[in-house]
Amino acid sequence: MTEDADTLYREVILEHARHPRNAAPLEHPHRRARAVNPLCGDELELTLTMDGEAIREIGIQVRGCAIAQAAASLMSKAVKGIALSEAQALGRAFADHMHGDETSLPAELDGLRPLEAVKQHRSRINCTLLAWQALGEAAPLVEK
Amino acid sequence: MSFPSPETIRADFPIFRREFHGRPLAYLDNAATTQKPRAVIEALVDFYEHHNANTHSGVHTLSEEATELYEEARGRAARFLNAPSPRCIVFTSGTTAAINLVAQSWARPRLQPGDEIVLTAMEHHSNLLPWQQVARETGASLRYLELDGEGRLATEHMEKAVTEATRLLAVTHVSNVLGTINPVERLVRQARAVGALTIVDAAQSTPHLPVDVQALDCDFLAFSGHKVYGPMGIGVLYGKSEHLDAMEPHASGGGMVLRVERDGADWMEAPWRFEAGTPNVAGAVALAAALDYLQGFDGEALRGQEIALTGYALERLGERSGLRLYGPSDPAQRAGAIPFSVEGVHPHDVAEILDGQSVAVRGGHHCCQPLMAHLGVPALVRASLGLYNDTNDIDRLAEGLERVAGIFRHD
Ligand SMILES: Cc1ncc(COP(=O)(O)O)c(C=O)c1O
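So, here's what we can say about the structure. (Residues numbered from 1 in each chain as written. Chains lettered and ligands numbered in written order. Predicted model: local features only at pLDDT ≥ 70, side-chain atom pairs only at ≥ 80, totals over all residues. Heavy atoms only, no water.)

Check the secondary structure of chain A and you find five helices and four strands. Its helices and strands taken in sequence order, chain A reads α-α-β-β-β-α-α-α-β from the N to the C terminus. Expressed as lengths along the three principal axes of its C-alpha atoms, the size of chain A is roughly 50 × 30 × 25 Å. Considering only intrachain contacts with a sequence separation of at least 6, the fraction spanning at least 24 residues in chain A is 58%. As displayed, chain A has an accessible area near 6900 Å², and 49% of this comes from carbon and sulfur atoms. Taking the average location of the 16 positive side-chain charges in chain A and that of its 21 negative ones, the two points are 3 Å from each other. (Helix = DSSP H or I, 4+ residues; strand = E, 2+ residues; numbered from the N terminus. Contact = heavy atoms within 4.5 Å. Areas by Shrake-Rupley, 256 points an atom, 1.4 Å probe, with all protein chains shown as cover. Lys, Arg positive; Asp, Glu negative; His and termini not counted. Charge placed at Lys NZ, Arg CZ, Asp CG, Glu CD.)

If you want it as structure tokens, here you go:
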């Protein structure tokens, strides 16, 4: 649908895809993870620095479509400063929400609302989850 | 023989009555699977409504009919490939299963360290991973024939395609990504000269070109029903009898044995020994209907029309700035697939926006990750042609790309 492509590729999404936030790799990360979408070969690399339990900085590099780029960028804004375990729980809630569960979007993720249009495009839902998947698996690099 | 226009051909395909987003579908994903003509759908229904029974077991009328239809379908597949006998035709679930059968039954027990399997850099994962597995298990090594700038096998690689160590050449007849038609006849000759066998992946050639296994002189050849307007879940392995008769089955069970004792069994002859379990009889029967349908057209005229349409598409797409085409520039050297990239826009986004215009193409790696790596791209958009496509579909593709450019305009 013409309108559909319009809602999917709204200005917010395109803007984040063109100018992704927190896109620089971190120089001395505490945690790192990679995620791959086996269906399309999209790849994402995520690094974190931590303040104790909390995410201090996040860096995400995406090789993928505009949806994956924008989703990673929006996520990076949403999780900065909160505890990693809490961010990971938000990720699970987001995934449930995107997969059409009747669960509502947590208030913390209000900024990710433009991605809800992707729900109508089943094959693309995973594009919105790639960054969250990496966050869920972000493993410590060095014992501190 | 008839040679109707794409428009009349479209009328044979019930799916084109459906509208998508209020418009008829411009279906340009034929390399993934083709749509099904009414004759094929009716053959499936007719089998289940009138002839359904298991084969080769019952003496009752239905079972005899089902067996007869199944074996007739084998004969039809043999004629399609100009195979010398129906006994060279093994029904499988598709190309992937057929190639794996050869990997397990022919290659695995025979190859050794020092032996070489030759592939091309454009193979589909289905004609790559089975050989990686055989190589791992036997100690044989893989060697790749590289491509030139237009996605054809490079001449200097062709000259040294095989060596004394080559035992098997596994090559695709037509690339599912680039559309390139490979000079299979010549490669088979070279392989034969060093005593190597050949397996041809004909999944993408059978829909577009006449495929004659005796002219090609290949040892094995595989294709899928669903890419030649037939149903999913049925495919064909052709093998020379001298090989099939010497191969052990890759799977065993009911329907493929002569006699079973507590600690041993005698296999049936080929091809039946390779068809353990209840076969896809309805699929085979409907595949035969698909082959009748496809060969009901004047093949040369269809091919001429396809070359012209390919040329039109290359021209229309080629004039767009920021669009890069891949594959041979000569439309006569390609069949079906027309891959391209749009600068600054990921192939999935291109495919998504085109879908919004009811233009179905594919964006992705097309099960050819090593080829993507060779081309230096993560993915490509691919339009691929079928019997029913015409310039209108290409025009709609071009208009859709205009919309892609509009959405992803650079600030
Ligand atoms: C060149 C080629 N080989 C093999 C295959 C696998 O065919 P199937 O999935 O029907 O087994 C395909 C289908 O995508 C193909 O294009």
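Having seen the structure, we can now continue with the description.
The next subject is the interface of chain A and chain B. Counting residues at the interface gives 21 residues for chain A, matched by 16 residues for chain B. Across the chain A/chain B interface, buried area totals approximately 1600 Å², and carbon plus sulfur atoms make up 49% of it. A salt bridge links E352 of chain B to R124 of chain A; the nearest nitrogen and oxygen atoms lie 2.6 Å apart. Put simply, chain A and chain B have eight residue pairs in polar contact (both at pLDDT 80 or more) between them. Contributions of two or more residues to the side of chain A that touches chain B are made by α1 (2-8), α2 (11-18) and α3 (66-79) of chain A. If one sorts the elements of the side of chain A that touches chain B by residue count, α1 of chain A sits on top with four residues. Taken together, the residues of the side of chain A that touches chain B break down into 11 nonpolar, four polar and six charged. (Buried area = accessible area lost by both parts, 1.4 Å probe. Salt bridge = Lys/Arg side-chain N within 4 Å of Asp/Glu carboxyl O. Polar contact = N/O pair within 3.5 Å; in protein donor to acceptor, adjacent residues only side chain to side chain. Nonpolar A, V, L, I, M, F, W, Y, C, P; charged D, E, K, R; others polar.)

Let us look at the site of the ligand. All names here are of chain B. In the vicinity of the ligand, the residues found are T95, T96, H124, S126, T172, N176, D201, A203, Q204, S224, H226 and K227. Residue Q204 places a side-chain N or O atom 2.7 Å away from an oxygen atom belonging to the ligand. Between K227 and the ligand, the recorded distance is 2.7 Å, taken from a side-chain N or O atom to an oxygen atom. Summarising the interface, the protein chains cover 84% of the accessible area of the ligand, which totals 390 Å² for the free molecule. The residue makeup of the shell around the ligand, split by class, is one nonpolar, nine polar and two charged. (Near = heavy atom within 4 Å.)

The next thing to look at is the nonpolar core. In terms of nonpolar packing, the biggest core is built from 74 residues, with L46 of chain A together with L397 and L401 of chain B touching the most fellow members. In terms of residues, this core owes the most to one element, α3 of chain A, which gives 10 residues. Beyond its immediate stretch of four places on either side in the chain, L46 of chain A contacts R31, R32, A33, I58, G59, I60, M75, A131, A134, L135 and A138 of chain A. Judged by nonpolar contacts, the second largest core, of 70 residues, contains A53, L81, A83 and A284 of chain B. (Core = buried A, V, L, I, M, F, W, Y, C linked by side-chain atoms within 4.5 Å. Buried < 20%, exposed > 50% of the residue type's maximum accessible area, 1.4 Å probe, protein only.)

All names here are of chain B. With 16 residues, helix α4 (residues 95-110) ought to run about 22 Å at 1.5 Å a step, and its terminal C-alpha atoms sit 22 Å apart, in line with that. The largest bend in α4 is about 30 degrees, located at A103. All of the buried residues in α4 are T95, A98, I99, L101, V102, A103, S105, W106 and A107. Next to the buried residues of α4 lie β4 (89-92), α5 (129-138), β7 (166-172), β8 (197-201), β9 (220-224) and β10 (235-239). (Expected span 1.5 Å × (residues − 1). Bend = angle between axes of the 7 residues up to and from the residue.)

Put simply, the largest pocket is a space of about 790 Å³. In terms of lining residues, the largest pocket is bounded by 28 residues, among which S123 of chain A together with A351, V361, R362 and G363 of chain B are the most central. Elements with a contribution of two residues or more to the lining of the largest pocket: α5 (125-137) of chain A together with α12 (347-356), β15 (359-360) and β16 (362-364) of chain B. In terms of residue count, α12 of chain B provides more of the lining of the largest pocket than any other element does, four residues in total. Looking at the lining of the largest pocket residue by residue, the class counts come to 11 nonpolar, 11 polar and six charged. Approximately 500 Å³ is the volume attributed to the second largest pocket. What lines the second largest pocket is a set of 24 residues, among which H208, L209, L294, G299 and L302 of chain B lie closest to the centre. (1 Å grid on protein atoms, 1.4 Å probe; cavity = no way out; pocket = protein on both sides within 12 Å on 5 of 7 lines; lining within 4 Å. Points joined across faces, edges and corners; volume = space filled by probe spheres on them.)

Right, let's get into the pattern of salt bridges. Pairing is possible between side chains that carry opposite charge, provided their charged atoms lie close to one another. Residues and elements named next belong to chain B. This structure, assessed with the given rule, holds 33 salt bridges over all chains. In this structure, R192 and D217 form a salt bridge, with 3.0 Å as the shortest nitrogen-oxygen distance. Taken together, the residues span a long stretch of sequence, with R192 in helix α7 (residues 184-193) and D217 in the loop between α8 (213-216) and β9 at a distance of 25 residues. Notably, a salt bridge pairs K240 with D219, separated by 3.9 Å at the nearest N-O pair. Linking K240 in the loop between β10 and α9 (241-244) with D219 in the loop between α8 and β9, this pair joins segments that are 21 residues apart in sequence.

Further remarks concern the environment of R124 of chain A. When you line up the elements, R124 of chain A lands in the loop between α4 (84-98) and α5. Judged by relative accessible area, R124 of chain A falls into the buried class, the value being 4%. For R124 of chain A and T7 of chain A, which are 117 residues apart along the polypeptide, the C-alpha to C-alpha distance reads 14 Å. Within polar-contact distance, the side chain of R124 of chain A engages the side chain of E352 of chain B at 2.6 Å.

This part takes up the sheet that holds strand β4 (residues 139-140) of chain A. Residue and element names in this part refer to chain A. With antiparallel pairing, four strands are arranged side by side in an open sheet as β3-β2-β1-β4. This sheet does not close on itself; its edge strands, each paired only once, are β3 (54-63) and β4. As judged from the two bridges shared by strand β1 (residues 31-36) and β4, these two strands associate in the antiparallel manner. Residue pairing for β4: R32 is matched across the bridge by A139. The strands touched by α3 within the sheet are β2 (43-51) and β3, with β3 carrying the most contacts at an inclination of about 175 degrees. Sitting on the sheet, α5 touches β1, β2, β3 and β4, and the angle it makes with β1 is about 140 degrees. (Pairing = 2+ DSSP bridges. Axes fitted to C-alpha atoms, helices over the stretch in contact; angles between N-to-C directions.)

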